[in-house]
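Listed here are the chains, written in short residue letters.
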Amino acid sequence: MESITDLAQKIAQEKHPRKVDKVIQYGTAGFRTRAENLDHVMYRMGLLAVLRSKERKATIGVMITASHNPEEDNGVKLIDPHGEMLEASWEVHATHIANVPDDGLAESLRTLIQKENIDMSVEGYIYVAKDTRPSSSSLSQAVMDGVSALKTNAKDYGLLTTPQLHYMVTCKNTEGSYGTDTEEGYYQKLSSAFKLLHKNVSWTKYSPVTVVDAANGVGAVKLKEMQKYIGETLKITVYNDGSSGKLNLQCGADYVKVQQKGPIGCNADAGVKLVSFDGDADRIVFYFFDKDGKFHLLDGDKIATLVAGYLTNLVTQSGLKLKLGLVQTAYANGSSTKYIRQQLKIPVACVPTGVKHLHHKALEYDVGVYFEANGHGTVVFSDDAMNQVKKAASDESRPESERKGARNLSTVIDVINQTVGDAISDLLLVEIVLCVRDWSLEDWDKAYTDLPNRQLKVKVKDRTVIKTSDAERKADSPPGLQEAVDSLVEKYPSGRSFVRPSGTEDVVRVYAEAETQADADMLGYEVSVKVYELAGGVGDKPSPPAK
Ligand code: NG1
Ligand code: ZN
């Protein structure tokens, strides 16, 4: 009799053969490449999700998206039981299973089952969702085929934002204690808490009107849905909503952050609160134009400081002794780090790029705020902190002011999607803080001034020749590169620069900041040239900044 793994291989050969030889890696955000090369990978990730589910004895999520990448790309990532990113050791399994030749698939599955000691009689369960890319439907079907090849059931949510799927997985695996694993459950939980916090606050400078560029992605659909639950409390206008433009093309959080300008279709009056999501709505940035038409960006660093400042106040008010910390990456603007240390006086840690590193570090605090400069981030509360807050909120022996602080804290927790960065949830969270503080975006922006900065990409033959340490702030190889960067940095007041291989694109990223934009641009350029020369640049040499 044919075994189940042989059968899975047969289906792979017949319906989802591997047509590309190029090895694909499970990177910082799962597999990501041109959509036409992903069918076999999707099928195999359906298989792998089942094995992970049986091994963990829990529901596993599979999200089909390539986030802020162009529409032609797609990708897939697995979501572990508590809504977190797939464990690193399984990333290695994922890479192996995705790349093995068709005729070796059954054997590889058996080896994995044995290695991880998986009890195949355990019933697995898979949650699947996708973004709005044209390729997502058929790729999602390939995942479903993989799941059913191993005789396992799946729930296909259809379109969801990435953070919504993380949320569903967590709800399911906590048997509802985190929330209800339906879209309605998600909107209800977040919007009720939001409305409660917004109630009875009066303002003069805050504006409950927000204009959102949804990157022509899934966030548009879901934000419009959320608006129905929020009602009049916050008036959201959505554009770049997929009705005409292309996904992530000249729009979205990544475009706005990297280009440091508004997206296509953006023509707002001075001071209007503007927001961009990315293609799968796990990133958010805010911005506005001042009276002189100058663009002001409030990125992930600014969101982190705003939220951390607010939570610190609530913690103090509640009288609870909770340790709050903030986590950033090397991309965090130097001014933000200085502001957090000197003004907010909150401990701040720096970790390598990639949400899993930030999330993991944030869990070390009672209240861990983490944000990448690009706008991906959230807040995590330890179980103990959540219990303390809940208890304090109704503890009659505490003064009313402390109970009020704890009550507010407890409600804020429900606005936050703790499982992963979530543009919709972060939007509501920021609105609450701005409203309570009675701040316009100008007021928020005044907290500190970003050092001018520049992000560049350099194409090299093999980006893995660049090895980094010290949370990616130092390049240990190729030889001589770090020394070259150091001596360039020295030339510029407040200069800082680092290089690292991207985990999602075949490029080396260069970051530079300095006291003036011209210096940041020049430093970025000079470092790019060094990368090109010392790390095997291909194609055109980096070109100098336009004068
Ligand atoms: P890479 O391509 O490894 O730089 C980018 C972002 C990360 C993270 C991932 C996942 C920058 C500089 N890098 O990673 O922060 O968000 O994508 O989407 O923004
Ligand atoms: Zn994204």
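Treat the numbers as computed from the prediction; the structure is a model and nothing was measured. (Residues numbered from 1 in each chain as written. Chains lettered and ligands numbered in written order. Predicted model: local features only at pLDDT ≥ 70, side-chain atom pairs only at ≥ 80, totals over all residues. Heavy atoms only, no water.)

Please provide a residue-by-residue account of the sheet that holds strand β1 (residues 31–34), values included.
Spatially, the 5 strands line up as an open sheet ordered β1-β3-β2-β4-β5, and their pairing is mixed. This sheet does not close on itself; its edge strands, each paired only once, are β1 and β5 (153–159). Adjacent strand axes in the sheet meet at a mean angle of 15 degrees, parallel and antiparallel pairs treated alike. Contacts from helix α6 (residues 162–173) reach β2 (59–64), β3 (73–79), β4 (125–130) and β5, with the element oriented near 170 degrees to β2. (Pairing = 2+ DSSP bridges. Helix = DSSP H or I, 4+ residues; strand = E, 2+ residues; numbered from the N terminus. Axes fitted to C-alpha atoms, helices over the stretch in contact; angles between N-to-C directions. Contact = heavy atoms within 4.5 Å.)

Could you give an account of helix α2 (residues 39–56), with specific residues and numbers?
Between its terminal C-alpha atoms α2 stretches 26 Å, which fits the 26 Å expected from 18 residues at 1.5 Å a residue. Counting buried positions along α2 yields 16 of 18 residues, so the element is predominantly enclosed. Following α2 by one or two positions, Lys 57 adopts a phi angle in the positive range, close to 55 degrees. (Expected span 1.5 Å × (residues − 1). Buried < 20%, exposed > 50% of the residue type's maximum accessible area, 1.4 Å probe, protein only.)

How would you explain the side chain of Asp 521 if you had to name every residue and give the values?
Here Asp 521 lies in helix α18 (residues 517–534). When sequence neighbours within four positions are dropped, the list of residues in contact with Asp 521 reads Arg 454 and Pro 545.

I'd like a description of the coordination of the zinc ion (ligand 2), backed by residues and values.
The protein atoms that coordinate the zinc ion (ligand 2) are Ser 67 (OG), Asp 278 (OD), Asp 280 (OD) and Asp 282 (OD), at distances of 2.0 to 2.1 Å. Each of the 4 donor atoms bound to the zinc ion (ligand 2) contributes to angles spanning 85 to 165 degrees, and the resulting shape is irregular. In primary-sequence terms, the residues that donate to the zinc ion (ligand 2) follow S-x210-D-x1-D-x1-D. Taken as a pair, Ser 67 in the loop between β2 and β3 and Asp 282 in the loop between β8 (274–277) and β9 (284–289) lie far apart in primary sequence, 215 residues in all. Across the pair, Asp 282 and Ser 67 agree in class, each one buried. (Donors = N, O, S within 2.8 Å, 3.2 Å for Na, K, Ca; no water. Tetrahedral: all angles 85-135°; square planar, octahedral: opposite > 155°, others 65-115°.)

If you had to explain the site of ligand 1 to someone new, which residues and values would you point to?
Taken together, 15 residues surround ligand 1, and among them Glu 372, Ser 502, Gly 503, Thr 504 and Arg 509 come closest. Arg 283 is positioned such that a nitrogen or oxygen atom in its side chain is 3.0 Å from an oxygen atom of ligand 1. At 2.5 Å, a side-chain N or O of Thr 504 approaches an oxygen atom of ligand 1. Taking 430 Å² as the accessible area of ligand 1 by itself, protein coverage stands at 93%. Of the residues belonging to the shell around ligand 1, the class tally is 2 nonpolar, 8 polar and 5 charged. (Near = heavy atom within 4 Å. Polar contact = N/O pair within 3.5 Å; in protein donor to acceptor, adjacent residues only side chain to side chain. Areas by Shrake-Rupley, 256 points an atom, 1.4 Å probe, with all protein chains shown as cover. Nonpolar A, V, L, I, M, F, W, Y, C, P; charged D, E, K, R; others polar.)

Talk me through the sheet that holds strand β19 (residues 508–513); I want residue IDs and the actual numbers.
The strand order across the open sheet formed by 3 strands is β15-β19-β18, and the pairing between neighbours is antiparallel. Single-partner strands in this sheet number two, and they are β15 (453–458) and β18 (496–501). Going across the sheet, the axis of each strand differs from the next one's by a mean of 15 degrees, ignoring polarity. Where β15 and β19 come together, 6 bridges link them in antiparallel fashion. For Gln 455, the partnering residue across the bridge sits in β19 and is Tyr 511.

Provide a residue-level description of the packing of helix α7 (residues 183–198) against helix α14 (residues 400–415), including the pertinent values.
At a closest axis distance of 7 Å, the pairing of α7 and α14 adopts a crossing angle of 145 degrees. The chirality of how α7 crosses α14 is left-handed. Contacts from Lys 189, Leu 190, Ala 193, Phe 194, Leu 196 and Leu 197 of α7 reach α14 at Asn 408, Thr 411, Val 412, Asp 414 and Val 415. (Left-handed = near helix turned anticlockwise from the far one by under 90°.)

These figures capture arrangement, not role.
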